[in-house]
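Spelled out from the first residue to the last, the chains are:
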Amino acid sequence: MKYTVVFIPLLIVILMACQPAEPLPKIGPMSIENKDTIPYTIASFEFLNQNKELISNNTFKDDIYVADFFFTSCPTICPRVRIEMLKIYDAFEDHPNVKLVSHTLDPKRDTPEKLNRYARNLEVDANKWHFLTGDKDKLMDMADSYFVSALEDPTVPGGIEHSGKILLIDKAGHIRAYSEGTDPSATVGFIKKIKKLLKEYE
Amino acid sequence: MTKNFQFITALILFTTLLFFSCGQMSPQEKELDALQRTVMSIHDDVMPEISTIRKLQKQIKKSDQATTEQAKNMINRLEKEDDAMMDWMKEYNKPNYKQYDAAKKYLLEEKIKIEKVREGMLTVIEDAKNYIEK
């Protein structure tokens, strides 16, 4: 009797630990092609980073990356998101296949030179954290591509690009997770999700 | 001995006072901080409308009327208000609260500026929507 009391909870714990973890979902509307359901993939892009290197989907074919939208002169929301992005940067600093990609929403003022200074002030490595700029309309289209309908919150006025969301993209360009960049408590869980996605590729 | 004791007590009291006063704002600083928050909240409230401006701009650019004088004019006006907000943010700097007069003057001026930006943005959005509906 005494043993049963100890064993049953222990057994439950062991059983639960043995259950294979559900993989991260592929977020966004599915499409159907030849009877196969195709998960949503982010649009193709080509932007310049802070070192004036051309960055496209192809740059990240062997990497998973964390994406966000910002601009350097943003006084309120972006600085809060930046703190969370820095935490993610620190957590995966030694992991070569995890990158960070911040897209400016103000390309007129955020030139590659300006982004370069910004990145240097943050003391982050340009091969790890890309700050992208380019055509304004294309950047806005890109924001739409990341923030697909599944993610959109109709209560956010004017669009989600100013909401401070952070997204996790896998090697195939699927959105696998997202987090509130303005909520420090959300980042811990988001970092766990990044680790979980990395395990898929081990 | 008593003198020494009094001195130590005074020193402890003084340090405690200093400790508590650190990080706390004076009434003047509190006033400036409230003003700074007002400026920021005006900005935060209207900032999401930048997306509206850009969506309207894109819609006009993609329409078959895009090359008309009226459309170009509307696109430019939207661009101007987008720039007004972006430039305001670029130039705005939280002032040094230790310099009360200068900080107050600056914040009051910035409040007027951001209110003008808000008005310009909301007006152009209204006009662009009317233009598209025509």
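The structure this text deals with has already been given above.
A brief report on the enclosed structure follows. (Residues numbered from 1 in each chain as written. Chains lettered and ligands numbered in written order. Predicted model: local features only at pLDDT ≥ 70, side-chain atom pairs only at ≥ 80, totals over all residues. Heavy atoms only, no water.)

**Brief notes about a negative patch on the surface**
A surface patch of like charges, here negative, comprises Asp90, Glu93, Asp94 and Asp125 of chain A. By the secondary structure assignment, glutamate 93 of chain A is in the loop between α2 (77-91) and β6 (98-104). (Patch = residues over 30% accessible without salt bridge, like charges linked within 9 Å, V, L, I, M, F, W, Y side chains within 5 Å. Areas by Shrake-Rupley, 256 points an atom, 1.4 Å probe, with all protein chains shown as cover. Salt bridge = Lys/Arg side-chain N within 4 Å of Asp/Glu carboxyl O. Lys, Arg positive; Asp, Glu negative; His and termini not counted. Charge placed at Lys NZ, Arg CZ, Asp CG, Glu CD. Helix = DSSP H or I, 4+ residues; strand = E, 2+ residues; numbered from the N terminus.)

**Structural notes on the side chain of lysine 136 of chain A**
Checked against the element boundaries, lysine 136 of chain A lands in helix α4 (residues 136-146). A distance of 3.0 Å separates polar atoms of two side chains, one belonging to lysine 136 of chain A and the other to aspartate 82 of chain B. The residues touching lysine 136 of chain A, leaving out its near neighbours within four places in the chain, are Pro107 of chain A together with Arg54, Gln57, Glu79 and Asp82 of chain B. (Polar contact = N/O pair within 3.5 Å; in protein donor to acceptor, adjacent residues only side chain to side chain. Contact = heavy atoms within 4.5 Å.)

**Quick look at the packing of α2 of chain A against helix α5 (residues 184-200) of chain A**
Residue and element names in this part refer to chain A. Axis separation between α2 and α5 bottoms out at 10 Å; the angle between their running directions is 35 degrees. Handedness of the α2/α5 crossing: right-handed. Facing Glu84, Lys87, Ile88 and Ala91 of α2, the residues of α5 in contact are Pro184, Thr187, Phe190, Ile191 and Ile194. In terms of residue class, the contact of α2 with α5 is built from six nonpolar, one polar and two charged. (Axes fitted to C-alpha atoms, helices over the stretch in contact; angles between N-to-C directions. Left-handed = near helix turned anticlockwise from the far one by under 90°. Nonpolar A, V, L, I, M, F, W, Y, C, P; charged D, E, K, R; others polar.)

**Let's talk about the interface of chain A and chain B**
Listed by partner, the interface residues are 20 residues for chain A and 20 residues for chain B. Roughly 1,700 Å² of surface becomes buried between chain A and chain B when both sides are summed, with 49% attributable to carbon and sulfur atoms. Put simply, chain A and chain B have nine salt bridges between them. Across the pair lysine 108 of chain A and aspartate 83 of chain B runs a salt bridge whose closest N-O atoms are separated by 2.7 Å. By residue number, the principal contributor to the side of chain A that touches chain B is α4 of chain A, which donates five residues. Residues belonging to the side of chain A that touches chain B are distributed by class as follows: six nonpolar, five polar and nine charged. (Buried area = accessible area lost by both parts, 1.4 Å probe.)

**Observations regarding the sheet that holds strand β9 (residues 175-180) of chain A**
Residue and element names in this part refer to chain A. Pairing is mixed across the open sheet formed by five strands, whose spatial order is β7-β6-β5-β8-β9. Each having just a single partner strand, β7 (129-132) and β9 make up the two edges of the open sheet. Along the sheet, successive strands turn relative to each other by an average axial angle of 20 degrees, direction set aside. Each of β5 (64-70), β6, β7, β8 (165-169) and β9 touches α4; the most contacted strand, β5, lies at about 125 degrees to it. In the packing of α5 onto the sheet, the strands contacted are β5, β6, β8 and β9, and the crossing angle to β9 comes to about 165 degrees. (Pairing = 2+ DSSP bridges.)

**What about the packing of aromatic side chains?**
All names here are of chain A. In the structure shown here, the tally under the stated rule is eleven aromatic pairs over all chains. The rings of Phe70, Tyr89, Tyr118, Trp129 and Phe131 are connected pair by pair, giving a single aromatic cluster. Seen from the ring of tyrosine 201, lysine 171 lies directly overhead, with NZ or CZ sitting 4.3 Å from the centre. (Phe/Tyr/Trp six-rings, centres within 6.5 Å; stacked < 30°, edge-to-face > 60°. Lys NZ or Arg CZ within 6 Å of the ring centre and 35° of its normal.)

**Digging into the pattern of salt bridges**
This model, assessed by the stated rule, comprises 24 salt bridges over all chains. Lysine 108 of chain A is paired through a salt bridge with glutamate 79 of chain B; the nearest N and O atoms lie 2.7 Å apart. Remark: glutamate 79 of chain B occurs in helix α4 (residues 69-91) and lysine 108 of chain A occurs in the loop between β6 and α3 (112-122); the pair is interchain, linking two chains. Where lysine 114 of chain A meets aspartate 110 of chain A, a salt bridge forms, and the shortest distance between an N and an O atom there is 3.9 Å. A residue is classified by how much of its surface remains accessible, and aspartate 110 of chain A, at 0% relative accessible area, is buried. Through salt bridges with shared partners, one network takes in Asp106, Lys108, Arg109 and Lys136 of chain A together with Arg54, Glu79, Asp82, Asp83 and Asp87 of chain B. (Buried < 20%, exposed > 50% of the residue type's maximum accessible area, 1.4 Å probe, protein only.)

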